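Architecture and fold: a report
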Amino acid sequence: MPIIIYTSFDCPYSVMAKSYLDKKGVAYQEYNLSRNSLIKENLFNHFGEIGTPLIIIGDEAFVGFDREGLENALIRLS
Amino acid sequence: MFYELIIIGGGPGGVAAGVYAARKKMKVALITDTFGGQSLVSADVRNWIGTKSISGFELAQNLEAHLRDQGGIDIIDSERVSKIEKTENGFTVKTESGKSFETKYILTTAGSRRKRLNVPGEDKHEGKGVAYCSICDAPLFGDMITAVIGGGNAGLEAVVDLQPYAKKIYLLVRGDEAKGDAVTLDKIKKDPKFELINNAQTLEILGEEKVTGLKYKDLKTGEEKILPVEGIFVEIGILPNSEMFGDLVERDKMGDVIVEHKTQKTSCPGIWAAGDVTDVLYKQNNISAGDAIKAVLNIYDEINKAKN
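Below you will find a few notes about this structure. (Residues numbered from 1 in each chain as written. Chains lettered and ligands numbered in written order. Predicted model: local features only at pLDDT ≥ 70, side-chain atom pairs only at ≥ 80, totals over all residues. Heavy atoms only, no water.)

Things to note about the packing of helix α4 (residues 153–162) of chain B against helix α5 (residues 182–189) of chain B
Residue and element names in this part refer to chain B. One can describe the packing of α4 onto α5 by two numbers: an axis separation of 10 Å at closest approach and a directional angle of 35 degrees. Of the two elements, α4 crosses α5, and the hand of that crossing is left-handed. Where α4 abuts α5, its residues Leu156, Val159 and Val160 lie against Thr184, Leu185 and Ile188. Looking at the contact of α4 with α5, its residues break down into five nonpolar, one polar and no charged. (Axes fitted to C-alpha atoms, helices over the stretch in contact; angles between N-to-C directions. Helix = DSSP H or I, 4+ residues; strand = E, 2+ residues; numbered from the N terminus. Left-handed = near helix turned anticlockwise from the far one by under 90°. Contact = heavy atoms within 4.5 Å. Nonpolar A, V, L, I, M, F, W, Y, C, P; charged D, E, K, R; others polar.)

So, in structure tokens, the structure goes:
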């Protein structure tokens, strides 16, 4: 199941989240929200909240860099 | 491992202390969740002495690299300290993930975190129009009507972050005028989409699924008004990260750790504090670094005194 991370320009938490996933050796697809307002609206309608980073692991969504939440979600996914 | 010193925090204070402690060859560890402190989310830091302009993220990377360049310091990152307990020989430092470390002395540079508004609608709309990191989330409010609450430097920075995206930016300030940097304020006042509202007390954040408005009280007239905003950035100040000490150290009514400013000693022998977590009058990166160095030098004197 693909992991998706939505980021924005200059967001340090987006960089930290990507660095965390890189260290874990987890592959992910990145979309930069600063570029596309249509994606923003769709995301809000789909997940009910928005902020960066927004990380989708399986059927779970995480707003912000929640290290513990991500750790647990990755364990559940494996 | 029993440490001589554990430093808590990875901001400018913690890193400065770590570099000095390592160079003094203390048995030292530094425990931090992240590096950079609160400036991590600043787009442009222009008062870090010796550097004309640097992003908060780059500053954080530089601090981390400088610390990692030191030999002889254990860097325990991605860990948040949750509790300090007094022991016979010093202290136990416990982290949220369940790890614990023993040390003779502690220097906390744990800094502070942002205050919340604590008004109806805030919790419900977090991530649904209410945001706390303008550098991260300003691009998500393109062509929207927004409000920034708080007239300090962080509030002004949030306005600057929103300027390229939002179609309207209100700045709500509780007092008669914004207290942030006058140069920045003068600059943003020239933007036609910017509107400053002084003497405003936020009462409620309105909306069902998303934010649709903000209710505030005009403190001069007592009148309650509603702004039709879709995005709200909260920048109303900070709270010290001092809860981990419980009753071990004396704190003031704001929760700031009270220190003796000549040495940075707290009321508890063996614990020093520096930076935004303390009752220092001016919360600044450069001051945090200087005060933390002062603390380490004083701890070093204590260690030598105990040896002789």
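Remarks on the pairing of strand β3 (residues 73–76) of chain B
Residue and element names in this part refer to chain B. Bridge count for strand β2 (residues 28–31) against β3 is four bridges, and the pairing is parallel. Each bridged residue has a counterpart across the sheet, and for valine 28 the counterpart in β3 is isoleucine 73. The parallel pair β2 and β3 is bridged by helix α2 (residues 56–68), and the resulting crossover is right-handed. (Pairing = 2+ DSSP bridges. Right-handed = clockwise from strand over helix to strand, strands pointing away.)

Re the sheet that holds strand β14 (residues 224–227) of chain B
Adjacent strands of a sheet form backbone hydrogen bonds with each other and so pair up, either parallel or antiparallel. Residue and element names in this part refer to chain B. Spatial strand order, β12-β13-β14: three strands in an open sheet with antiparallel pairing. This sheet does not close on itself; its edge strands, each paired only once, are β12 (200–206) and β14. Within the sheet, the average angular offset between the axes of one strand and its neighbour, ignoring direction, is 30 degrees. The pairing of β12 with strand β13 (residues 213–218) spans six bridges and is classified as antiparallel. Directly across from alanine 200, in β13, lies its bridge partner aspartate 218.

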